[in-house]
Amino acid sequence: MSLTWKTEAYSVRCLTPVMHGIRGLRSPAQPILSRSRRPNARYAHSPSTVDTGFILSLPPLPNPVTSDPAYQRLLAWYIPEPFLKQVLPQLEAFGKEAVSPQVNELISDAERQQPYIKDRNVWGGKVNRLVTSTGWKELGKFGARNGNYIYSASSAVYSCPVSMTSGAARLLAHQIPNLAPEHPFHKVYRRLIARENNWISSQWMTERPGGSDVQNSETFAVHSPLPRQEDSSLSALDRGDWLISGYKFFCSATDCDVALMLAKTESGQLSLFLAPTKRTVTLPDSSPGQETNGIHFHRLKNKMGTKELPTAELELRDVRAWRVGSADRGIATIAILLNVTRTHNFITALSCWRRGMAIAKNFARVRTTIDQPLWTFPMHLRLLASMETKFQGLLQLAFFTTSLLSFADHGSPAQSTSYAPLPEPGRQMKVVQRTLTAAGKAVICKVACVSLQECQEAMGGVGYMDEPDEPEHNISRLYRDTAANMTWEGTTNVLASEVVRHLLKDDHLQIFSTWVEDVVLAKVIDQDVRTALESSWGILKLRLSDGHGDLGAALADGRQLMFSLAWVVSGALLAHDAQRDGNAAACEVARRWILRGEGGVGEYAFPDVVRAGSIGDRQSNRERLNWDCRIVWGVDLPADAATGHRSSSSASSGRPEQQVAARL
């Protein structure tokens, strides 16, 4: 299929053959700049104007489902084939919609029309009301109908309320089996998981005395049950038994329907409570109406990113609420939610990172420099290949960890030789799942932000632009919004501390080590790869074991321990994925990660762990560059690809797509 479009300066033709038998996966849409039509030749004596001269035009972004072989491999690995055949058409349709002009316009509207607090009405009366855009609201409905990994990059940060809602649903799912059928939590749960007319939940924990350390809370709960009336029942959500008062300093998704909050009871310990944001009142004409449930907006936060998301400081004045779980067990109870929101954190980071890569690759398809196509420019190609390797390794870690969350709640599937190396049900599952959730959230969010900056830089000055009306080209939006994930639900240091303390508690390190050695590494087939991973794990395990005698010293190395652990597990998952079918590109990515230490965790990991099994580069420079091209674009490097420097004897023809087409 050949597409041609023209500008005053030159014509661009794209050749887009289908490759690898994957529907929708296209080769790079390479530009052809005819020698007789080069901009400098055409305008040698004609100055450019605002409307004439060289003006770059990018093709539409590809479908994020059909254009991503790494994502498709994961779907095929984790979803049984009969079910995958049913859901794949839905995913493909959702992917198409996610990058459509209609969704981009909703994103633009949410970017342009940021939330604000309306304090007074036109008559001067106090209203204290939050106002959000139509785009924001519609993206919320879009996510509720379709929410998955692809959604986050197109959500204008509505993925944040979605994640908190998902976490609240899991939390209530653990509570309602022990509650009376008429308890309001049953209704709340049904509304939280609904695909239409759903409710949104938030959690308000952060206060001025501290962020992650919530023990110094200045919010208090007083037991004050309402009298039971004949015409009221236990099912009335706004008739909870507790009154909550205090000041919450950082509250996201403040346009929610219900909120979870920590507060101290008379015991001085924290308990968890759930409250509706509105309550029913009787109006002067005796009709029912609604008013705020004692929740008062003080101000909205002015943040670096996530500006579409209403994040506020809230004063709680006798908010009527229900206690969730046992008394004085607030932190332990809400931990069930945190495992979900942290999972959403790293899935969101990957989604935005992948979208940033798609934009950068779209740019490389049509851009030239020194009259050579950027998509085969050696240094640029190496950058994209390195980023692809990092992404695929952490994508494996993310989806494996996410699967553990489901298996921990609903039981593991029957094991088979082709399935991911799952922990044994019970304690091993819980130890591994908690370790990888915290580590995955910290590592993936950190590397995603660094990589999105690389995506910006890969587009030059245009990558630094922040155009709200052009989300399809706006990497800056993705970068500033993804940056929040490094802090939200635990900073890198907080999570590193959690990982180390968790592994060094009781026999957790032995449990985790048994899974790594007996389940993960023992089943790696490639001898070089298995030996390298065993050497790396041996060094890391020894470092962790030393922490039993000096926890303080282990915590000082917490970041390196956590990033090194993520590197080992991600590498092992890449190896398992590659050996499923011997896919050449998957094998090359695994070997780059494991045998060449290209896992992308950089200075955060211990060098001796990452390099323990390094065997050096056995490929020639040309072979390595060819693999770069296959990893990034799915095709061999054209014979007359860009040289990356000016050379009259080796100049690129500027028409590499003909070689690509010839191979197909």
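Criteria and thresholds
Residues numbered from 1 in each chain as written. Predicted model: local features only at pLDDT ≥ 70, side-chain atom pairs only at ≥ 80, totals over all residues. Heavy atoms only, no water. UniProt positions renumbered as here; feature names shortened; annotations may be inferred. Helix = DSSP H or I, 4+ residues; strand = E, 2+ residues; numbered from the N terminus. Buried < 20%, exposed > 50% of the residue type's maximum accessible area, 1.4 Å probe, protein only. Contact = heavy atoms within 4.5 Å. Areas by Shrake-Rupley, 256 points an atom, 1.4 Å probe, with all protein chains shown as cover. Core = buried A, V, L, I, M, F, W, Y, C linked by side-chain atoms within 4.5 Å. Salt bridge = Lys/Arg side-chain N within 4 Å of Asp/Glu carboxyl O. Axes fitted to C-alpha atoms, helices over the stretch in contact; angles between N-to-C directions. Parallel < 35°, antiparallel > 145°, perpendicular 65-115°, else oblique. Left-handed = near helix turned anticlockwise from the far one by under 90°. Nonpolar A, V, L, I, M, F, W, Y, C, P; charged D, E, K, R; others polar. Pairing = 2+ DSSP bridges. Lys, Arg positive; Asp, Glu negative; His and termini not counted. Patch = residues over 30% accessible without salt bridge, like charges linked within 9 Å, V, L, I, M, F, W, Y side chains within 5 Å. Charge placed at Lys NZ, Arg CZ, Asp CG, Glu CD. Expected span 1.5 Å × (residues − 1). Phe/Tyr/Trp six-rings, centres within 6.5 Å; stacked < 30°, edge-to-face > 60°. Polar contact = N/O pair within 3.5 Å; in protein donor to acceptor, adjacent residues only side chain to side chain.

An unreviewed UniProt entry lists the chain under the name Acyl-CoA dehydrogenase/oxidase C-terminal domain-containing protein, with Elasticomyces elasticus given as the organism. Per UniProt, the chain has the following entry under Sequence similarities (unreviewed entry): "Belongs to the acyl-CoA dehydrogenase family."

Participant: Describe the overall build of the chain, listing the residues and the values that go with them.
Facilitator: In terms of helices and strands, the chain carries 20 helices and 15 strands. Looking at the chain residue by residue over its 664 residues, the buried ones come to 54%. Long-range pairs, those at least 24 residues apart, make up 71% of the contacts in the chain with a sequence separation of at least 6. Here the chain displays about 28,800 Å² of accessible surface, and carbon together with sulfur accounts for 51% of that area.

Participant: How would you summarise the nonpolar core if you had to cite specific residues and measurements?
Facilitator: Formed by 160 residues in total, the largest nonpolar core has its most connected members in Ile244, Leu436, Phe512 and Trp515. Of the residues forming this core, the biggest block, 15 residues, is contributed by helix H10 (residues 427-458).

Participant: Lay out unusual backbone geometry in plain terms, naming residues and giving numbers.
Facilitator: Even without being a glycine, Asp318 presents a positive backbone phi close to 55 degrees. The backbone of Glu489 shows a phi angle near 60 degrees, a positive value even though the residue is not glycine. When you line up the elements, Glu489 lands in the loop between helix H11 (475-482) and helix H12 (492-503). Residue classification places Glu489 among the buried positions, given a relative accessible area of 12%.

Participant: I'd love a proper account of the pattern of salt bridges, names of residues and values included.
Facilitator: Applying the stated criterion to the full structure yields 31 salt bridges. A single salt-bridge network, built from bridges that share partners, covers Arg382, Glu588, Arg592, Arg596 and Asp628.

Participant: A description of the packing of helix H13 (residues 508-520) against helix H16 (residues 558-581) should follow, citing residues and the corresponding values.
Facilitator: One way to put it is that H13 packs onto H16 with a least axis distance of 12 Å and a crossing angle of 25 degrees. Here H16 runs roughly parallel to H13, going by the angle between their axes. In this structure, the crossing between H13 and H16 has a hand that is left-handed. In contact with Phe512, Trp515, Val519 and Val520 of H13, H16 contributes Leu565, Val569, Ala572 and His576. For the contact of H13 with H16, a count of residues per class yields seven nonpolar, one polar and no charged.

Participant: I'd like a description of the pairing of strand E11 (residues 288-292), backed by residues and values.
Facilitator: Strand direction decides the pairing type here: strand E10 (residues 278-282) and E11, joined by five bridges, are antiparallel. Each residue of the ladder has a partner; that of Lys278, found in E11, is Thr292. Between E10 and E11, which pair antiparallel and follow one another directly, the connecting turn spans five residues, one of which, Ser286, has a positive phi of 75 degrees.

Participant: Which residues make up the side chain of Arg477, and what are the values?
Facilitator: Counting through the fold element by element, Arg477 comes out in helix H11. Despite its burial, Arg477 pairs with no opposite charge; the closest candidate is Asp481, at 4.6 Å N-O. Non-local contacts of Arg477, meaning those with residues more than four positions away in its chain, are made with Ile107, Glu111, Ala153, Ala156, Asp466 and Pro471.

Participant: For the environment of Gln453, give the residues involved together with the corresponding values.
Facilitator: If you trace the backbone, Gln453 turns up in helix H10. Remark: the alpha-carbon pair of Gln453 and Leu478, spanning 25 residues in sequence, is separated by 9.7 Å.

Participant: So, a positive patch on the surface: which residues are in play, and what are the values?
Facilitator: There is a patch of like positive charges on the surface, built from Lys118, Arg129, Lys137 and Lys278. Position of Lys137 among the secondary structure elements: in helix H5 (residues 134-146). Judged by relative accessible area, which is 43%, Lys137 ranks as partly exposed.

Participant: Outline the pairing of strand E8 (residues 258-264), listing residues and values.
Facilitator: Of all seven residues that make up E8, seven are buried, and the element is covered over most of its length. Residues of E8 alternate between two faces, with Val258, Leu260, Leu262 and Lys264 on one and Ala259, Met261 and Ala263 on the opposite face, all of them buried. By the bridge criterion, four bridges tie strand E5 (residues 201-204) to E8 in an arrangement that is parallel. What sits directly across from Ser201, in E8, is Val258. Sheet topology places E8 next to strand E9 (residues 270-276); seven bridges connect them, and they run antiparallel. Each bridged residue has a counterpart across the sheet, and for Ala263 the counterpart in E9 is Ser271. Between the antiparallel neighbours E8 and E9 lie five residues, among them Gly268 with a positive phi of about 85 degrees.

Participant: Account for a nonpolar patch on the surface, with residues named and values stated.
Facilitator: A surface patch of nonpolar side chains, about 360 Å² in accessible area, is lined by Val462, Tyr464 and Met465. Among the structural elements, Tyr464 can be located in the loop between H10 and H11. Under the relative-accessibility criterion, Tyr464 is labelled exposed at 64%.

Participant: Summarise helix H4 (residues 101-112); cite the residues concerned and give the values.
Facilitator: Between its first and last C-alpha, H4 extends 16 Å over 12 residues, near the 16 Å set by a 1.5 Å rise per residue. For H4, the set of buried residues is Val103, Asn104, Ile107, Ser108, Asp109, Ala110 and Glu111. Among the structural elements, helix H3 (81-98), H5 and H11 are those in contact with the buried residues of H4.

Participant: So what's going on with the environment of Leu260? Residues and values would help.
Facilitator: As for its placement among the helices and strands, Leu260 is situated in strand E8. It is 5.6 Å that separates the C-alpha atoms of Leu260 and Phe273, two residues lying 13 residues apart in sequence. For Leu260, the contacting residues outside a window of four places in its chain are Ala168, Leu171, Ser201, Ser202, Gln203, Trp204, Leu272, Phe273, Leu274, Val324 and Leu337.

Participant: Lay out the packing of aromatic side chains with the relevant residues and their values.
Facilitator: In this structure the tally under the stated criterion is 14 aromatic pairs. With 5.2 Å between their ring centres and 40 degrees between their planes, Phe94 and Phe142 make a pair best called tilted. Within this pair, whereas Phe94 is found in helix H3, its partner Phe142 is found in helix H5, the two being separated by 48 residues in sequence. Phe94 sits in the buried class, given a relative accessible area of 3%.

Participant: Any details on the packing of H10 against H16? Residues and values, ideally.
Facilitator: Helix-helix packing: each pair is described by the crossing angle between the helix axes and the interaxial distance. Between H10 and H16, the shortest axis-to-axis distance is 9 Å and the interhelical angle comes to 95 degrees. Viewed along their axes, H10 and H16 adopt a mutual orientation that is roughly perpendicular. Where H10 approaches H16, its residues Thr435, Leu436, Ala438, Ala439, Ala442, Val443, Lys446 and Val447 are matched on the opposing element by Arg559, Met562, Phe563, Leu565, Ala566 and Val569. Residues that form the contact of H10 with H16 fall into these classes: 11 nonpolar, one polar and two charged.

Participant: Please provide a residue-by-residue account of H5, values included.
Facilitator: Over its 13 residues, H5 runs 18 Å from end to end, which matches the ideal 18 Å to within 8%, given 1.5 Å per residue. Every buried residue of H5 is accounted for by Gly135, Trp136, Leu139, Gly140, Phe142, Gly143 and Ala144. Looking at the buried positions of H5, the neighbouring elements they touch are H3, H4 and helix H6 (159-175). The N-cap of H5, judged by a side-chain oxygen 3.0 Å from the amide nitrogen of Trp136 a few residues on, is Ser133.

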